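Residue-level structural notes
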Amino acid sequence: MMRIILATLALAFASFPVLADTTPHEVEAREIYARLIGFRTAADHGQTPAMVAYLTEVLARGGVPMADIATLDRGEARAMIVRVPGRERGRPILFSAHMDVVDARPEEWRRNPFQLIEERGGFYGRGTTDNKAGVAALVSAILRLRAERLQPARDLVFGFVADEETTMETTRLIAKHPWVHDAEFAINTDAGGGLLDDVTGEPLIYLVQGAEKTYATFDLTITNPGGHSSRPRADNAIYQLARALQKVEAYRFPVMANDLTRAYLGAVGRAQDGEVGAALRRFAADPKDAAAADLLSRSPEFVGTTRTTCVATMLEAGHAENALPQTARATVNCRIFPGVPVETVRDALVAAVADPGVRVTTRDNPEASPVSEMRPDVMAAIERAVHRHYPGVPVVPYLESGGTDGKVYRLAGIPTFASSGLFTKPSEMYAHGLDERLPVKSFYEGLDHIYRLAVELGGAKELAAAPPVRLDAGVRAGLAVRRN
Ligand SMILES: [Zn+2]
């Protein structure tokens, strides 16, 4: 009996390890986080204006003047920028998070995806990691700077994007806004973070995203006069496409490297035993080491960091079971190494296929994604913030194989570093999937991370005589107007 009670007690305490020493800022941020999860900010649900209205109210209550809040509309989506004015002139620093989420169907989840549920040391709900913890961290940092009467040396601007998961149109609007366009650099909360060992939970490495691969999709199309399937022709669109796809499969793009990927692969190699670890270290030291590059190209984890990759993802051909195909089309999705033009990759596919009957067309209008040169001041600030909770963990830049709207800021000329401050286990990454969750401990560490970066990078100092923070009549009137 005693053992059962002890076990129950242990479990009860294990579920709430942080509550004992939670600060008022953390309590407030958790409340905000819970409200944010409640908005179904998926595309087509039109919830970002409601979320912006809620955040405006929270910020106004915290003393942020309405003149320092801007909203930007694109169709149904509403984005927001909040400015924290600096003491001196100087280029602003941008902090970014996105309010929208990939949709979740409540009937498919075990818990309501649009309700924050704390269970077994985790926060569950759509957006808990991607990217509402980031939204909560930005809002919390703004409120805390005000409450502590800290003023940065230069303007800090906080961008709340409304459509990162779809068109990123509001990110483009934010990047062009007069408060933002001149930003010296940006910290994006939507990527970057720490990895914990899946088994032991030990911190392994902290990654700062400094570049993303360019996302581009190509269609390979073959047309043919077709005919009756009882009278097969010598040429057949489906066979022709199959041969073209085998050539795409066999083609290898050239091995590439830059300072950022070498730093990343070297650091991962130092933390890893065996032949992969050795190959990583050798490649980092000398990207011309063909044997090392070959070995890494067989690893799904590292192939994307060493070259452009293209892979067939969809197929469509023929119109009837008893007719010769008139059209055959394959979709090939590519993740292009930074700095390589999209057109170069298309040309490489055309050359690899080597069949003038195969038309290779580019979908949409992919934009090549630049690399942000790592800044020692930013890396040092991130390292200090990470080491407060995880002393000694290597802090390393990396190239993202997926994508975020950091690409939009980089294209607008704002070097962007993604650093969420969140530590997770690789086996517990459920962004976009079922049962998305974030360790409770990581949420609070993420708040601290963003606050520290804002204070340190912004050069914040205590105000000598700050005006009292109070919701005045003007702000209340502004709020009323905005709600309409
Ligand atoms: Zn995201």
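Everything in this summary refers to the structure shown in the same document. (Residues numbered from 1 in each chain as written. Predicted model: local features only at pLDDT ≥ 70, side-chain atom pairs only at ≥ 80, totals over all residues. Heavy atoms only, no water.)

On to the environment of Ala 292. For Ala 292, the location among the structural elements is in helix α9 (residues 290-297). Linking Ala 292 and Arg 30, residues 262 residues apart in sequence, is a C-alpha distance of 46 Å. (Helix = DSSP H or I, 4+ residues; strand = E, 2+ residues; numbered from the N terminus.)

To continue, consider the packing of helix α2 (residues 24-38) against helix α4 (residues 132-147). Look at α2 against α4: their axes get within 9 Å of each other, and the N-to-C directions meet at 140°. For the element pair α2 / α4, the angle class is oblique. Both α2 and α4 take part in a crossing whose hand is right-handed. Counted together, His 25, Glu 28, Ala 29, Ile 32, Tyr 33, Leu 36 and Ile 37 of α2 and Lys 132, Ala 133, Val 135, Ala 136, Val 139, Ser 140, Leu 143, Arg 144 and Ala 147 of α4 form the full contact between these two elements. For the contact of α2 with α4, the class distribution of residues is 11 nonpolar, 2 polar and 3 charged. (Axes fitted to C-alpha atoms, helices over the stretch in contact; angles between N-to-C directions. Parallel < 35°, antiparallel > 145°, perpendicular 65-115°, else oblique. Left-handed = near helix turned anticlockwise from the far one by under 90°. Contact = heavy atoms within 4.5 Å. Nonpolar A, V, L, I, M, F, W, Y, C, P; charged D, E, K, R; others polar.)

Time to look at the pattern of salt bridges. Under the defined criterion, the tally for this structure stands at 29 salt bridges. A salt bridge links Arg 410 to Glu 212; the nearest nitrogen and oxygen atoms lie 3.7 Å apart. Residue Arg 410 is found in helix α13 (residues 406-411), and its partner Glu 212 is found in strand β10 (residues 203-212); the two are separated by 198 residues along the sequence. Judged by its relative accessible area of 6%, Arg 410 is buried. For Glu 212, a relative accessible area of 1% corresponds to the buried category. A salt bridge links Asp 219 to Arg 363; the shortest N-O distance between them is 2.9 Å. (Salt bridge = Lys/Arg side-chain N within 4 Å of Asp/Glu carboxyl O. Buried < 20%, exposed > 50% of the residue type's maximum accessible area, 1.4 Å probe, protein only.)

Moving on to α9. Along α9, the positions that sit buried rather than exposed are Ala 292, Ala 293, Leu 295 and Leu 296. Relative to the axis of α9, the buried residues are bounded by an arc of 160° and lie together on one face. Opposite the buried face of α9, at more than 90 degrees from it, the exposed residues are Ala 290 and Ala 291. On its buried side, α9 packs onto α8 (274-285) and α10 (303-306). (Arc of directions from axis to C-beta.)

Scanning the entire structure with this criterion turns up 1 disulfide. Note that Cys 310 is cross-linked by a disulfide to Cys 334, the S-S spacing being 2.1 Å. Every disulfide takes its handedness from the sign of the S-S torsion; for Cys 310 and Cys 334 that torsion is 110°, giving right-handed. Here Cys 310, found in strand β13 (residues 309-317), pairs with Cys 334, found in strand β15 (residues 327-336); they are 24 residues apart in sequence, far enough to count as distant. Look at Cys 310 and you get buried, because its relative accessible area is 17%. (Disulfide = S-S within 2.5 Å.)

Okay, unusual backbone geometry next. Note the cis peptide between Asp 130 and Asn 131, where omega equals 10°. As for its position among the elements, Asn 131 is in the loop between β5 (122-124) and α4. Phi at Arg 120 takes a positive value of approximately 45°, unusual for a residue other than glycine. One can find Arg 120 in the loop between β4 (117-119) and β5. Since its relative accessible area comes to 75%, Arg 120 is described here as exposed.

Mapped onto the elements of the fold, Lys 132 is located in helix α4. Look at Lys 132: it is buried, it has no salt bridge, and the nearest opposite charge is Asp 100 at 8.8 Å. With residues up to four places along the chain from it excluded, the contact list for Lys 132 reads Tyr 33, Leu 36, Ile 37, Phe 39, Thr 41, Met 51, Met 99, Val 101, Arg 126 and Gly 127. (Lys, Arg positive; Asp, Glu negative; His and termini not counted.)

Right, let's talk about the coordination of the zinc ion for a bit. All of the protein donors around the zinc ion are His 98 (NE2), Asp 130 (OD), Asp 190 (OD) and Asp 190 (OD); their distances to the metal are 1.9 to 2.4 Å. Its 4 donor atoms give the zinc ion angles of 55 to 143° at the centre, a pattern that matches the irregular case. Spacing between the donor residues of the zinc ion along the chain follows H-x31-D-x59-D. Taken together, the positions of His 98 in strand β3 (residues 93-98) and Asp 130 in the loop between β5 and α4 put the pair 32 residues apart, joining distant regions of the chain. Classification of His 98 by relative accessible area gives buried; the value is 1%. Classification of Asp 130 by relative accessible area gives buried; the value is 11%. (Donors = N, O, S within 2.8 Å, 3.2 Å for Na, K, Ca; no water. Tetrahedral: all angles 85-135°; square planar, octahedral: opposite > 155°, others 65-115°.)

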